[in-house]
Amino acid sequence: MKTEIYFIKSSITGILFFLLMVFSGCNADQPELLTPMEGGVVQTNTPILSWMPVESDSQEVWINGIHMATLGSDVTSYVPFPLSFGVNEWKIVAINGSGKVESPTGSFVVDDEPLFKLPGRSQLLRHNWRVQSALITSDDGETLSTGNAHTADWYQTSIPATALSVLVRNGVYPNPYVGKNNMKIPDSHDGYNQEYDLIKYSHISGENPWAKPYWYVNEFEIDHHLSGTRVWLNFGEINYRGELWFNGHQLTDTSAMVGMERQFRYDITDLLESKGKNRLAVAIYPVDHPGEPGVEPLEPFGDPGVNMGDGIISRNYTKWDAVGWDWQPAIRDRNMGITEDVFISFTDDVEIENLYITSVPNLPEASHADMTISFDLVNHSGSPKEGTVKGEISHNDKSHIFEIPFSLGRNQVKSISLNSHVNAALRIEEPALWWPVGYGEPDLYQVSVSLKTTDDDHFTVKKHHGIRTIETYIGSNSRVFKVNGKEIYCKGGNWVIDMMLNWTTSRYELEILMTKNANLNMLRVWGPTGVPPKAFYYAADKHGILLWQDFLNDYWGTFRNTPGYLPDADLYETITSGIIKRYRNHPSLIIWCGGNEGVNPREDLIVNKLLPMYDGQSGRVYLTESDGDGLHGGGPYHTIRPAEYFSHERMHGFSSEIGPSGVPVLESIMRFMPEIGQVWKPGFFPIDGTWAYHDAANFPGEDLRKFTAYDDIVRLDYGGPRTKDENGIQEYFYIAQMVNYDVYRAAIESINRQLWENSTGMLLWKSNASWPSMVWQLYDWYLQSHAGYYGAKKAFAPLGIQLNRDNMTISVINSQYKKNRGTNVSAILYNEEMEVIWGYNEEIGIPKNGVKTIDTSVPLLDELNFLKLSITTVDGSVIADNFYWLHNENDFTGMMNIGEPILEVTANRKSEDKFIVTVENIGKVPSILTRIQLVNPVSNHEILPAFWCDNFISLLPGEKRSLSVKSISELSQSYSILIDAYNMSKTMKINP
């Protein structure tokens with residue numbers, strides 16, 4: 001039994017308010033808080049806050065006693081600026097004239113694992129940090145680390161947190177992810193502040209708030225369950241320089257504690273108070289050279305300025321996209337702060353360091369694999385040590401164990417290297433190989449190496465390991481990558497980090513899961529975004545995503561190798577060496593790349609010293625540059641019509657950057673552009689300058705990177721919005737989903753059909769977003785996928801059928817290593833009245849890992865047509881399909897006039913996190929780009945992230961589809977389904 005509710009698409013948010021008021025039986029006396037669950041624990045620091053509203057003029061969101069936002073009267077959900085870990089309290093205040101009505105105060109806990117796996121006997125120092133600018137406090141490190149300073153009125157936060165994040169959390173500055181709020185925050189560069197008059201916004205009157213360091217202070221007691229002869233204070237990462245004090249003693253200064261992407265450890269054994277309060281104070285200094293951002297795109301279709309501004313930031317070893325790019329704004333403090341976890345660790349006198357694990361399977365049989373394990377034994381004491389190292393390699397219920405004795409002199413470091421020639425336990429029989437997604441399972445072995453001395457020192461280090469080989473060669477037209485002897489069709493995207501470094505461990509895994517669900521198997525961690533936390537790599541290992549890692553301060557990172565635009569050579573070598581050692585054990589990492597769009601100025605150091613010294617046995621590939629060395633780049637970065645991708649000069653080979661625009665769905669737009677439609681550029685409703693600030697910008701002159709290329713398709717091909725009101729806004733964004741789906745699919749299909757003959761892979765520019773953006777993403781900052789995500793998922797499917805838009809032929813793409821025999825290919829072309837005007841049907845054999853093009857072509861007529869492609873098995877089961885809307889003149893304005901489908905929908909919960917939704921079109925017209933959402937039954941906000949097997953589907957009359965969706969969000973026992981389509985005037989709600 002099901003309940004169907006229809007409501008007219010007449011208001012962006014009023015529809016949801018209407019449903020809430022009518023169908024939820026809300027208490028009209030005060031707003032009712034809905035999600036997160038009261039007292040619940042969430043892993044994301046940006047949970048969707050939802051509530052039942054009451055009638056009001058406006059609503060205020062209060063978090064932890066701070067007024068964070070004022071919203072419209074009918075808004076029912078809100079995504080906060082990334083919150084601190086721990087307990088967070090919130091409430092909604094409904095404003096009516098001079099009166100107000102408050103909801104009860106709710107609370108929930110943000111909690112997640114650290115950004116990297118802490119060693120045994122560790123204590124995380126995450127909570128109860130106090131932060132203040134040195135422009136405000138005159139206390140020094142000694143005073144602050146002895147408890148003699150008054151810090152109760154300082155800003156509270158958990159860490160990791162940049163200075164700006166701390167201040168936004170505490171209500172000092174507005175949320176920079178929303179609207180043009182970032183233009184209400186002073187910048188690190190004084191000249192830029194003067195140009196845009198930003199100092200007036202400084203919370204320190206007349207001062208640049210980022211000119212001096214910020215003190216981070218923490219007071220803690222030691223967990224008495226932890227013990228060891230030595231105690232260490234560890235920093236996962238800071239930006240940029242640090243002055244560190246502990247219990248009144250200075251541990252280091254800014255000459256030594258400097259640079260991102262490196263870790264710091266200090267011996268505090270003799271300073272620790274084991275039974276009382278310990279006080280830690282660290283002054284975080286800004287980058288030495290903040291650089292000046294480029295011009296800001298504040299007007300509709302504005303100029304996004306010069307990427308990387310004046311380039312001066314490259315003189316620091318820091319993430320240089322913080323000065324701004326054409327896909328994110330300048331970060332005002334350049335991300336100065338404590339940017340990864342801080343913890344205390346206990347050890348004995350002897351440790352294992354620099355564990356490095358490699359293996360080589362004997363291919364093609366893979367009957368065994370020979371493993372090599374190397375590490376350093378470090379004696380920190382002034383006494384000789386003797387003992388035993390024991391290792392265990394395990395997978396499922398099988399283990400391989402080895403033991404070796406050792407002896408160490410006073411303060412000695414001894415390097416150990418073991419292989420199967422000297423220890424038979426390191427030969428793994430019948431190994432389970434690590435495969436990228438789509439080619440096999442990403443099997444992981446657990447490797448544990450421990451030691452014990454005769455003095456009872458003990459230490460254990462654990463890593464996982466994937467047995468796999470990497471090979472590469474340049475074929476007839478582009479580079480080919482092989483994993484475990486098999487050629488891999490690299491289906492990928494460029495990936496970037498959150499612009500303010502606020503993501504949690506779970507968020508990094510969700511980034512990988514969104515990638516996997518879209519049928520991508522590779523991500524390139526793009527140059528200026530730097531090296532992400534280990535959590536990202538752990539997730540890629542676990543889920544089989546291949547990673548390509550650019551080195552920071554590369555060709556672009558030195559402002560295109562401008563002389564003098566380099567960080568200190570010794571600092572660069574130290575940090576790069578650490579990066580290689582830290583990430584070399586991850587099987588997902590298959591490529592080190594020296595330079596984004598150019599050769600790294602320190603390539604000789606990387607290639608001839610650091611990689612041979614620290615990663616010489618893994619077989620990883622080193623690429624000299626991203627758009628050479630068997631690859632090319634250069635887009636296109638602007639959106640073009642589907643057929644144009646098939647004839648574009650750059651759509652071949654292995655392209656490292658192909659970038660259609662991916663405009664978000666309206667729900668996301670309303671979160672970061674809540675004032676949309678109030679003003680607009682004449683003739684371009686509803687576009688205003690906020691669009692441009694969120695990257696819908698135009699590069700000047702003949703540069704083709706222009707958002708108007710996308711907007712032209714919306715207006716010229718589909719007719720654009722017909723009204724200048726909320727309905728018109730809705731219409732624009734549903735048309736945008738039509739464009740998204742078609743162009744992402746076409747861009748990929750244009751490469752698909754050339755597979756192995758003239759192409760070997762492609763990376764989309766980009767696959768994700770560092771902030772709420774209008775362009776270059778498969779899913780947005782809120783983890784909300786748009787239609788292009790599913791167009792890409794369709795085109796990247798392991799087995800697919802497609803229309804080649806230049807010559808109207810049909811190709812079958814099979815990237816799997818298995819043949820398909822006895823399959824049937826059908827193509828049916830319909831007119832607007834759903835009459836069949838052309839058809840094709842043939843039984844074919846599908847080759848493994850290849851392309852088969854059918855010897856026929858689809859008519860392209862001067863009228864609106866619909867094309868259905870299918871591959872079926874002998875029993876009639878559909879194993880691949882595709883649906884196209886076609887017109888020789890790209891005139892799709894008639895699609896809104898073909899009539900409306902009639903849908904029957906059922907939904908069933910198969911498990912705690914998996915649902916099946918069945919949709920049948922019982923009407924007489926197709927249901928075009930049908931979107932299905934799993935929503936909260938009361939607030940109607942979509943439960944995110946949602947991993948659908950397919951979505952934005954098109955259904956012919958009589959067609960029926962069952963779609964599965966998995967959500968890892970906390971779900972109550974009840975849920976609802978919303979269904980919408982391009983040619984539906986009403987949205988259907990199903991309450992199972």
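Residues numbered from 1 in each chain as written. Predicted model: local features only at pLDDT ≥ 70, side-chain atom pairs only at ≥ 80, totals over all residues. Heavy atoms only, no water.

- The name recorded for the chain in an unreviewed UniProt entry is Beta-galactosidase/beta-glucuronidase, from Natronoflexus pectinivorans.

1. Looking at the UniProt feature "domain: Beta-mannosidase-like galactose-binding" (unreviewed entry) in the chain
Here comes step 1: In this numbering, the UniProt entry assigns the feature "domain: Beta-mannosidase-like galactose-binding" (unreviewed entry) to residues 212-338.
Here comes step 2: For the annotated span residues 212-338, helix accounts for 0% and strand for 31% of the residues, and the straight-line distance between the end C-alpha atoms is 15 Å. (UniProt positions renumbered as here; feature names shortened; annotations may be inferred. Helix = DSSP H or I, 4+ residues; strand = E, 2+ residues; numbered from the N terminus.)

2. Examining the nonpolar core
Here comes step 1: Counting 251 residues, the largest nonpolar core has Y216 and F235 as the members making the most contacts within it.
Here comes step 2: The leading source of residues in this core is helix α13 (residues 726-752), at 15 residues.
Here comes step 3: Formed by 21 residues, the second largest nonpolar core is a distinct cluster that contains L803, I810, I844 and V858. (Core = buried A, V, L, I, M, F, W, Y, C linked by side-chain atoms within 4.5 Å. Buried < 20%, exposed > 50% of the residue type's maximum accessible area, 1.4 Å probe, protein only.)

3. Comments concerning the packing of aromatic side chains
Here comes step 1: Applying the stated rule across the entire model yields 43 aromatic pairs.
Here comes step 2: Ring centres of F551 and W592 lie 5.1 Å apart, and the angle between their planes is 10°; on these two criteria the pair is classed as stacked. Placement of F551 in the loop between β37 (546-550) and α7 (569-583) and of W592 in strand β38 (residues 589-593) is noted, with a sequence separation of 41 residues between them. A single burial state applies to F551 and to W592, both of which are buried.
Here comes step 3: Each ring, one from W691 and one from Y732, has its centre 5.4 Å from the other, and the planes form 85°; the classification is edge-to-face. (Phe/Tyr/Trp six-rings, centres within 6.5 Å; stacked < 30°, edge-to-face > 60°.)

4. What to know about the domain arrangement of the chain
Here comes step 1: Domain annotation for the chain reports domain 1 (41-108), domain 2 (127-340), domain 3 (348-465), domain 4 (475-632), domain 5 (797-889) and domain 6 (903-990).
Here comes step 2: Each of domain 1 and domain 4 has a C-alpha centre, and the two are 40 Å apart.
Here comes step 3: On the domain 4 side, the residues contacting the six residues of domain 1 number four residues.
Here comes step 4: Buried area between domain 1 and domain 4, both sides added, is near 440 Å², and the carbon and sulfur share of it is 57%.
Here comes step 5: Counting every contact that joins domain 1 to domain 4 gives zero salt bridges. (Domains from an automatic or database assignment. Contact = heavy atoms within 4.5 Å. Buried area = accessible area lost by both parts, 1.4 Å probe. Salt bridge = Lys/Arg side-chain N within 4 Å of Asp/Glu carboxyl O.)

5. Focus on the pairing of strand β42 (residues 799-804)
Here comes step 1: When you tally the buried positions in β42, you get six out of six residues, the bulk of the element.
Here comes step 2: Of the two faces of β42, both are covered, the one formed by L799, I801 and L803 as well as the one formed by G800, Q802 and N804.
Here comes step 3: In this structure, the hairpin formed by β42 and strand β43 (residues 809-814) is closed by a connection of four residues, where M808 is found at a positive phi of approximately 65°. (Pairing = 2+ DSSP bridges.)

6. Considering the sheet that holds strand β49 (residues 903-909)
Either a parallel or an antiparallel arrangement is found when strands of a sheet pair, and the pairing is made through backbone hydrogen bonds.
Here comes step 1: Across the sheet, four strands lie side by side as β49-β50-β54-β52; this open sheet has antiparallel pairing. At either margin of the open sheet sits one strand with a lone partner, and together these are β49 and β52 (947-948).
Here comes step 2: As paired strands, β49 and strand β50 (residues 914-921) are joined by seven bridges and run antiparallel to one another. Residue pairing across strands places A907 opposite V917, the latter belonging to β50.

7. Section: the pattern of salt bridges
Here comes step 1: Across all of its chains, the model carries 47 salt bridges by this definition.
Here comes step 2: For the salt bridge of D742 with R745, the shortest nitrogen-to-oxygen distance reads 3.0 Å. Here R745 and D742 lie together in helix α13, a separation of three residues that amounts to about one turn.
Here comes step 3: A relative accessible area of 3% means that D742 is categorised as buried.
Here comes step 4: The shortest N-O distance in the salt bridge between D950 and R961 comes to 3.1 Å. Taken together, the residues D950 in the loop between β52 and β53 (953-955) and R961 in strand β54 (residues 960-966) connect sequence positions 11 residues apart.

8. Section: α7
The α-helix advances 3.6 residues per turn, and as a result positions three or four apart in sequence lie on the same side.
Here comes step 1: In this model, α7 (15 residues) spans 21 Å end to end at C-alpha, consistent with the 21 Å of a helix rising 1.5 Å per residue.
Here comes step 2: All buried positions along α7 are accounted for by L571, Y572, I575, T576, S577, I579, I580, R582 and Y583.
Here comes step 3: Tucked into the core, α7 has its buried residues touching α6 (534-543), β38 and α8 (603-615).
Here comes step 4: Where α7 starts, the residue carrying a side-chain oxygen 3.1 Å from the main-chain nitrogen of D570 turns out to be D568. (Expected span 1.5 Å × (residues − 1). Polar contact = N/O pair within 3.5 Å; in protein donor to acceptor, adjacent residues only side chain to side chain.)

9. Quick look at unusual backbone geometry
Here comes step 1: The peptide bond linking T35 to P36 adopts the cis configuration, its omega dihedral lying at 0°.
Here comes step 2: Assignment of secondary structure puts P36 in the loop between β2 (32-35) and β3 (41-42).
Here comes step 3: Residue G635 is joined to P636 through a cis peptide bond whose omega torsion reads 15°.
Here comes step 4: In this fold, P636 is placed in the loop between β39 (621-623) and α9 (642-645).
Here comes step 5: Even without being glycine, N64 reaches a positive phi, approximately 55°.
Here comes step 6: Secondary-structure assignment places N64 in the loop between β5 (58-63) and β6 (66-72).
Here comes step 7: One non-glycine residue, N247, lies in the positive phi region at around 50°.

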